[in-house]
Amino acid sequence: MAVGSRPLVPSRLAPGGVAHGSRRAATSTVGAYIALTKPRIIELLLITTVPTMVLAERGWPSTWLVIVTLVGGTLAAGGANAINMYVDRDIDKLMERTRNRPLVTGAIAPRNALIFALVLEVVAFAVLWAGANLLAAVLALSATAFYVGVYTLWLKRTSRQNIVIGGAAGAVPVLVGWAAVQNDLSWTPIVLFGVMFFWTPPHFWALAIKYADDYRAANVPMLPAVVPFEHAVRQMVGHTIAMVACSLILIPVAELGSIYSVTAVVLGAIFIAATIWLGRNPTASASMRVFGYSITYVTVLFAAMTLDVLL
């Protein structure tokens, strides 16, 4: 199925017009509240937090501090995602991918969802301040403010660069993890922030290629939905190269060894090759392979960083 100059048509993606199928609606109230927090996204954010803490400690940090940071980070990210669903409930009902979200199905009242989200943010701030330090708590709260205020309320519906700028919020967990251990920031977490900042656009655009029709239906100017496919891929390649460059700059900045270095080079080369390959294979299935690899990339890269420090 070529993506090229023609828009992706839902009927060409899968029976019923849903690529990969829409996610099932929550079957219980508890499940609905959990769904509000977008747990799959939280898992991905936390993958970067613990390795960053290990790097900051130059060894395994206090297990209690790790638990506190993960709990606080989970609550903060969950609250931000719930606010995002509250704000986007009008467009979520227009998109096949999001039509089963709790606020669309009516499983949770909007007012209750907003209260739930704000409570999560307050508890997250308290947990991180009491269990880690004020800097970590402020950074987590700032990520929520940026995600909601800059991305969700402003850029998402107005700019094709929405995920480029707004996606910075997803890079903040590395700063939180570092701050929890060191109670300061330095060049190492800033370079790690750069890795995640440049990783977010190609990761998300690969998914957006698959669901371009959804974004068009909701009038959301996600890049692959509003520009020619070739232009979107060029942007993906550029951001991927910048991401790989940051991952390599980290080697001398953080004084990392061969385990991380070799892994970063190999993973980065594959990622760049994958985005170039996508340009030559303009299909929704190819974009989802790149999307899947992007998750593998960040998981293995941060695991290698952890092993490099511990071994």
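Whatever comes next refers back to the structure up there.
Treat the numbers as computed from the prediction; the structure is a model and nothing was measured.

1. Observations concerning the nonpolar core
Turning to step 1, where the next piece is worked out: Among the nonpolar cores identified, the biggest contains 94 residues, and Tyr215 and Tyr297 are the most heavily contacted of them.
Turning to step 2, where the next piece is worked out: Beyond its immediate sequence surroundings of up to four residues, tyrosine 215 is in contact with Met95, Arg97, Phe204, Ala208, Val220, Met222 and Ala225.

2. Topic: the environment of valine 290
Turning to step 1, where the next piece is worked out: If you trace the backbone, valine 290 turns up in helix H16 (residues 284–310).
Turning to step 2, where the next piece is worked out: The sequence separation of valine 290 and histidine 203 amounts to 87 residues, and the corresponding C-alpha distance is 7.6 Å.
Turning to step 3, where the next piece is worked out: When neighbours within four sequence positions are excluded, valine 290 is seen to be in contact with Ala206, Met236, Phe271, Ala274, Thr275 and Leu278.

3. Observations concerning the packing of helix H11 (residues 187–210) against helix H14 (residues 229–254)
Turning to step 1, where the next piece is worked out: Between H11 and H14, the shortest axis-to-axis distance is 8 Å and the interhelical angle comes to 155°. The angle between the axes of H11 and H14 places the two elements in the roughly antiparallel class. Between H11 and H14 the crossing geometry is left-handed.
Turning to step 2, where the next piece is worked out: Counted by class, the contact of H11 with H14 contains 20 nonpolar, six polar and no charged residues.

4. Topic: a nonpolar patch on the surface
Turning to step 1, where the next piece is worked out: Judged by side-chain polarity, Trp60, Ile259, Leu307, Leu310 and Leu311 come together as a nonpolar surface patch covering roughly 530 Å² of accessible area.
Turning to step 2, where the next piece is worked out: For isoleucine 259, the location among the structural elements is in helix H15 (residues 258–280).
Turning to step 3, where the next piece is worked out: Residue class for isoleucine 259 comes out partly exposed when judged on its relative accessible area of 34%.

5. Some points on the pattern of salt bridges
Turning to step 1, where the next piece is worked out: One pass over the full model with this rule turns up six salt bridges.
Turning to step 2, where the next piece is worked out: Aspartate 88 is the salt-bridge partner of arginine 157, the closest N and O atoms lying 3.1 Å from each other. You can see arginine 157 sitting in the loop between helix H8 (134–155) and helix H9 (162–166) and its partner aspartate 88 sitting in the loop between helix H4 (63–87) and helix H5 (89–92), a full 69 residues away along the chain.
Turning to step 3, where the next piece is worked out: On the basis of relative accessible area, arginine 157 is assigned to the partly exposed category, the value being 31%.
Turning to step 4, where the next piece is worked out: For arginine 99, the salt bridge goes to glutamate 96, with nearest N and O atoms at 2.8 Å.
Turning to step 5, where the next piece is worked out: Where salt bridges share partners, they join Asp88, Asp90, Lys156 and Arg157 into one cluster.

6. Considerations on H8
Turning to step 1, where the next piece is worked out: Turning to H8, its buried residues number three or more, namely Ala136, Ala137, Leu139, Ala140, Ala143, Thr144, Tyr147, Val148, Val150, Tyr151, Thr152 and Leu155.
Turning to step 2, where the next piece is worked out: As for H8, its buried residues are in contact with H4, helix H7 (110–131), H9 and helix H10 (172–182).
Turning to step 3, where the next piece is worked out: For H8, the capping residue at the N-terminal end is asparagine 133, with a side-chain oxygen 3.3 Å from the backbone nitrogen of leucine 135.

Parameters and conventions
Residues numbered from 1 in each chain as written. Predicted model: local features only at pLDDT ≥ 70, side-chain atom pairs only at ≥ 80, totals over all residues. Heavy atoms only, no water. Core = buried A, V, L, I, M, F, W, Y, C linked by side-chain atoms within 4.5 Å. Buried < 20%, exposed > 50% of the residue type's maximum accessible area, 1.4 Å probe, protein only. Contact = heavy atoms within 4.5 Å. Helix = DSSP H or I, 4+ residues; strand = E, 2+ residues; numbered from the N terminus. Axes fitted to C-alpha atoms, helices over the stretch in contact; angles between N-to-C directions. Parallel < 35°, antiparallel > 145°, perpendicular 65-115°, else oblique. Left-handed = near helix turned anticlockwise from the far one by under 90°. Nonpolar A, V, L, I, M, F, W, Y, C, P; charged D, E, K, R; others polar. Patch = residues over 30% accessible without salt bridge, like charges linked within 9 Å, V, L, I, M, F, W, Y side chains within 5 Å. Areas by Shrake-Rupley, 256 points an atom, 1.4 Å probe, with all protein chains shown as cover. Salt bridge = Lys/Arg side-chain N within 4 Å of Asp/Glu carboxyl O. Polar contact = N/O pair within 3.5 Å; in protein donor to acceptor, adjacent residues only side chain to side chain.

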